[in-house]
Amino acid sequence: MSFRRLAVPFVGVAATLAFVIPPADARAPGNPGAQGHGQPAKVPVAEGYGGAVATVDLDASKAALSVLKQGGNAMDAAVAGAATLGVTEPYSAGLSGGGFLVYYDARRGKVVTIDGREKAPQAMTETSLQENGVAIPFDAAVTSGLSVGVPGGLAQWELALRRFGTLSLKQALQPAVDVATKGFTVDQTFYDQTAQNAARFADFTSTASLYLPNGAPPPVGSVFRNPDLAATYRELGRRGGDWLYGGKLGEEVVATVKSPPVRPGSTRVVRPGLMELSDLRAYRALERAPSKISYNGMDVYGMAPPSSGGSTVGEALNILEALPKVGLHEYLEASRLAFADRNKFVGDPDYVDVPLKGLLSDGFAKERACLIGDVAMPNPATPGSPDGSYGGCQIEGKPLAADETAKTGESGAAEKPEGPETTHLVVADRWGDVAAYNITIEQTGGNGMVVPGRGFLLNNELTDFTFGPAAGDPNLPAPGKRPRSSMAPTIVLKNGKPILAVGSPGGATIITTVLQILVNRYEFGMSLPDAIAAPRASQRNTAATQAEQAFIDRYGAGLTAKGHTLTIAPGPPVGEIGAATGLEFLGRGKVQAAAEPSRRGGGSALVVSAKP
Ligand code: GLY
């Protein structure tokens, strides 16, 4: 009998289950990420058997791997990895955040998703992100209590473990407790993200004392410990999620949202938030049906609304499938069209009628594909009509004027600034279960406020809403509404079995990064590691396409000749798009885990065993 099939796995060993995680800086030269005699090294690609993981971070990958090696399944390992990212990647992930998880459940042969998206408090209305009829400045909203969504991540972990895992929350949190207690080695990425946030972190007493020890970012190479977070995770393990969703921890979150811990003497205007304990009490993570399209003989599963990830990646792939040939020009144009539709139609399906079936239908894709010619189409592309009646190659209506698009949000022109925020991990286990998991606290550094004494930052997820005024926009705030996301954890199946899983951080560039990796892999024939490493460009129905320098150097002249304008991606870091992780299933039980070779400092791929 396999371990996961035990009715109450880990019973009897729970108290002594050590989850011994080797120190982060352990190195085993020549070890390709597999478990040999030494400790795993931080490498971006690993191939082997018995399970695999890829994250942006070696400690988080090791945490997930330790769970797999001790008999946990992919869901257990995904939660353990996510909790550890809350320690080592705290500016992207954490207890106050949310996420979307796409899971292939091997036993049922089924893809399921779990929505842990943050929600607006009940007191939030369509105009809460406006003052005197105009949108609050974006940066001011980010660093505020107003932008804090009701956290969904913890409820998601509990639901995920209950429905698909074998560990208790306490067991799944243990690797993260160990890393928070023993510490991790500060690398350049952690240092840079702290430095980029230093001015606002300094304005909150609780944040400055944690992340600016001695008044400055912790130096590269130093060991960073977070005993407050270790204690918070330990207490959560004992008390369960109710401690946040209605209990004392929830009261402290609400207090921080309503009375931000601003440093005496700070001149920063910090708007308080609207969250109440009742909002936390009411929060539920949801199991939702995945989005699904058929594409070149494969089935691509993604995250349905309120994420726009599955619908936009899916629509763009359908458009590409309808074209006679696919190159980078077609990739950019398909993305442009899919974003026009995403911006017009996608929001929280509990509040707006999202025409998902139409958006993902082949008939609609054919109608949209007709608009792609030899040169870039005029900007902005007009949204289509995914209404079930598709009649060939017609442009519906006229393109909107620029000022009109800015008001309606019907093109990418009025989108919020997109940075490298969020993180993504993938895990597979020996039974064939696969998790693709995006987690986020929105901006890098969230809203900048650590909950005093608890060791974690608050999210600013509600800035993912359209601030308005924007009549008819599907993504305006409302009481209890989930803001539209771009997170796109994706699992590809062929003949009913997973062949690939992939995802990325990066705000709305998540969608284009996942799309481009799939195009690189399945249209251009690259290996998964090459598809991830290849230079990126992101077209989101804007006049200029954001791109990495290497993309501009390699393809700029050819694409400019076709009417595209390429501009360097704004970052930070400038010129970097996404930080993907993925898995490819190579047959006969062999799995390839792949992370970034250099973006975000390079990621970490590990496998359970180098040999079958
Ligand atoms: N906050 C990033 C996203 O949900 O797309």
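Our subject in this report is the structure included herewith. (Residues numbered from 1 in each chain as written. Predicted model: local features only at pLDDT ≥ 70, side-chain atom pairs only at ≥ 80, totals over all residues. Heavy atoms only, no water.)

**Brief notes about the sheet that holds strand S15 (residues 537–538)**
Stated formally: One requirement defines pairing of two strands: DSSP has to find at least two bridges between them. Secondary structure elements are defined from DSSP: runs of H or I of at least 4 residues count as helices, runs of E of at least 2 residues count as strands, and each element is numbered from the N terminus. Here, two residues are considered to be in contact whenever any of their heavy atoms come within 4.5 Å of each other. Axes here refer to lines fitted to C-alpha atoms; in helices the fit is confined to the stretch in contact. Angles between the N-to-C directions go from 0 to 180 degrees.
Spatial ordering of the open sheet is given by S15-S16-S17, a layout of 3 strands whose pairing is mixed. Each end of this open sheet is capped by a strand with a single partner; those strands are S15 and strand S17 (565–568). Where helix H18 (residues 549–561) meets the sheet, it contacts S15, strand S16 (544–547) and S17, and its direction lies at approximately 165° from that of S17.

**Brief notes about the packing of helix H2 (residues 74–88) against helix H5 (residues 169–182)**
Where we set the bar: An angle below 35 degrees is read as roughly parallel, one above 145 as roughly antiparallel, one from 65 to 115 as roughly perpendicular, and any other as oblique. Handedness of each helix crossing follows the sense of rotation of the near helix against the far helix: counterclockwise by less than a right angle gives left-handed, clockwise gives right-handed. Gly is put with the polar residues, along with every residue not named as nonpolar or charged; the nonpolar set is Ala, Val, Leu, Ile, Met, Phe, Trp, Tyr, Cys and Pro, and the charged set is Asp, Glu, Lys and Arg.
Interaxial distance between H2 and H5 falls to 7 Å at its minimum, and their mutual angle equals 25°. When the axes of H2 and H5 are compared, the pair comes out roughly parallel. The interaxial crossing formed by H2 with H5 has right-handed handedness. The segment H2 lies against H5, with Val 79, Ala 80, Ala 83, Thr 84, Val 87 and Thr 88 engaging Ala 172, Leu 173, Pro 175, Ala 176, Val 179 and Ala 180. The residue makeup of the contact of H2 with H5, split by class, is 10 nonpolar, 2 polar and no charged.

**Here's the deal with helix H16 (residues 509–522)**
How we decide: Each residue after the first adds 1.5 Å to the expected span of a helix. Categorising residues by exposure relies on relative accessible area from a 1.4 Å probe, with only protein chains included: less than 20% of the type maximum marks a residue as buried, more than 50% marks it as exposed, and the intermediate range marks it as partly exposed.
The first and last C-alpha atoms of H16 sit 20 Å apart over 14 residues, in line with the 20 Å expected at 1.5 Å per residue. A large share of H16 lies buried, amounting to 14 of its 14 residues.

**Concerning the site of the ligand**
Formally: Residues are classed as near a molecule or strand on a simple rule: at least one heavy atom within 4 Å of it. Here a polar contact is taken to be a pair of N or O atoms separated by no more than 3.5 Å, where protein atoms must pair a possible hydrogen donor with a possible acceptor and residues adjacent in sequence count only if both atoms sit in side chains. Method for areas: the Shrake-Rupley scheme with a 1.4 Å probe, in which residue coverage is limited to the protein chains shown.
If you check the shell around the ligand, you find Arg 117, Thr 422, Thr 440, Glu 442, Glu 461, Asp 464, Ser 485, Ser 486 and Met 487 and nothing else. At 2.9 Å from an oxygen atom of the ligand is found a side-chain nitrogen or oxygen belonging to Arg 117. Summarising the interface, the protein chains cover 98% of the accessible area of the ligand, which totals 200 Å² for the free molecule.

**Here's the deal with unusual backbone geometry**
Between Gly 468 and Pro 469 the backbone carries a cis peptide bond, its omega angle lying at -5°. By the secondary structure assignment, Pro 469 is in the loop between strand S12 (434–440) and strand S13 (490–494). The omega torsion of the bond from Pro 572 to Pro 573 falls at -10°, within 30 degrees of zero and hence cis. Along the chain, the position of Pro 573 falls in the loop between S17 and strand S18 (581–587). The phi torsion at Glu 442 lies on the positive side, around 80°, for a residue other than glycine. Looking at the element boundaries, Glu 442 is found in the loop between S12 and S13. The backbone phi angle of Arg 588 is positive, close to 55°, even though this residue is not glycine. Overall, Arg 588 belongs to the exposed group, its relative accessible area being 85%.

**Examining the environment of Pro 324**
With respect to the secondary-structure elements, Pro 324 resides in the loop between helix H11 (309–321) and helix H12 (328–345). Accessibility expressed as a relative area gives 84% for Pro 324, which makes it exposed. The sequence separation of Pro 324 and Ala 369 amounts to 45 residues, and the corresponding C-alpha distance is 9.9 Å.

**Brief notes about the pattern of salt bridges**
Charged atoms that come close allow side chains of opposite charge to pair. Put simply, the test is: A pair is scored as a salt bridge if a Lys or Arg side-chain nitrogen falls within 4 Å of a carboxyl oxygen belonging to Asp or Glu.
Evaluated as defined, the whole model comprises 23 salt bridges. Taking the shortest distance from any N to any O, the salt bridge between Glu 596 and Arg 536 comes out at 2.9 Å. One end of the pair, Glu 596, is in the loop between strand S19 (590–595) and strand S20 (604–609); the other, Arg 536, is in the loop between helix H17 (528–533) and S15, with 60 residues separating them in the sequence. By the burial criterion, Glu 596 is buried, and Arg 536 matches it.

**Things to note about the environment of Ser 147**
Considering the arrangement of structural elements, one finds Ser 147 in the loop between helix H3 (138–142) and helix H4 (153–164). The class for Ser 147 is buried, based on a relative accessible area of 0%. Sequence separation between Ser 147 and Asn 459 is 312 residues, and the spatial gap between their C-alpha atoms is 7.5 Å. Among the polar contacts listed, one links the side chain of Ser 147 to the backbone oxygen of Ala 141, at a separation of 3.0 Å.

Shape descriptors only; they carry no functional weight alone.
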